[in-house]
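Structure at a glance
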Amino acid sequence: RSVYVAVPGGLSPELINNMARWSDAYVASSAGDAIYTNGRLLCVHGIAGGQKEIALPHRATVTDELTGEVVARGATSLDMDVPLQRTLWLRLDWE
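Parameters at a glance
- Counting from 1, residues in each chain are numbered in the order their sequence is written.
- Reporting of local features is limited, given that this is a predicted model, to residues whose pLDDT is at least 70; pairs of side-chain atoms are given and counted only at 80 or more, and all residues count toward the totals for whole chains, interfaces and linings.
- Side-chain numbers here rest on the full set of heavy atoms in the structure, without hydrogens or water.
- Note on pairing: two strands pair once DSSP finds at least 2 bridges between them.
- A run of H or I in DSSP counts as a helix once it spans at least four residues, and a run of E counts as a strand once it spans at least two, with each numbered from the N terminus.
- Note on definitions: salt bridges are taken to be side-chain nitrogens of Lys or Arg within 4 Å of carboxyl oxygens of Asp or Glu.
- The classification of residues rests on relative accessible area computed with a 1.4 Å probe and restricted to protein chains. Under 20% of the type maximum is buried, over 50% is exposed, and intermediate values are partly exposed.

A closer look at the pairing of strand 3 (residues 50-64)
Where strand 3 lies against strand 4 (residues 70-82), nine bridges are found, and the strand directions are antiparallel. Paired with Gln-51 across the strands is Asp-81, a residue of strand 4. Where strand 3 hands over to strand 4, the hairpin turn is made up of five residues, of which Gly-68 adopts a positive phi near 80°. Two strands pair when backbone bridges link them, and strand 3 and strand 5 (residues 87-94) are joined in this way by five bridges, in the antiparallel orientation. When the bridges of strand 5 are listed, Ala-60 appears paired with Trp-94.

The structure is reproduced here in structure tokens:
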């Protein structure tokens, strides 16, 4: 599959997110949030705060790295309230 974009600056976050979904790549959430992972650590920054659904690439126990609180066990996705301009640091222990 290929996509041709001729417009300068035409690669919006929404377009990139949709292309990733179209190509069956792992997509953690909808466009607009800053989400980074290396497989063991998941960082979610609330650019626009609010309730977020975050897909995990594998079933995992999720722990808040700052508090040590277990957020979820055996989860394949998370429904979380992400405060505006706050970063969540989550450890993923694969099951």
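Things to note about the pattern of salt bridges
Within this structure, the stated rule accounts for four salt bridges. Across the pair Lys-52 and Asp-33 runs a salt bridge, and its minimum N-O distance is 3.3 Å. Of this pair, Lys-52 sits in strand 3 while Asp-33 sits in the loop between helix 1 (13-22) and strand 1 (34-37), and the two are 19 residues apart along the sequence. Judged by its relative accessible area of 13%, Lys-52 is buried. Asp-33 gets classed as buried once you look at its relative accessible area, which sits at 16%. Across the pair Arg-91 and Glu-65 runs a salt bridge, and its minimum N-O distance is 2.9 Å. Taken together, the residues Arg-91 in strand 5 and Glu-65 in the loop between strand 3 and strand 4 connect sequence positions 26 residues apart.

Read these as spatial facts, not as claims about activity.
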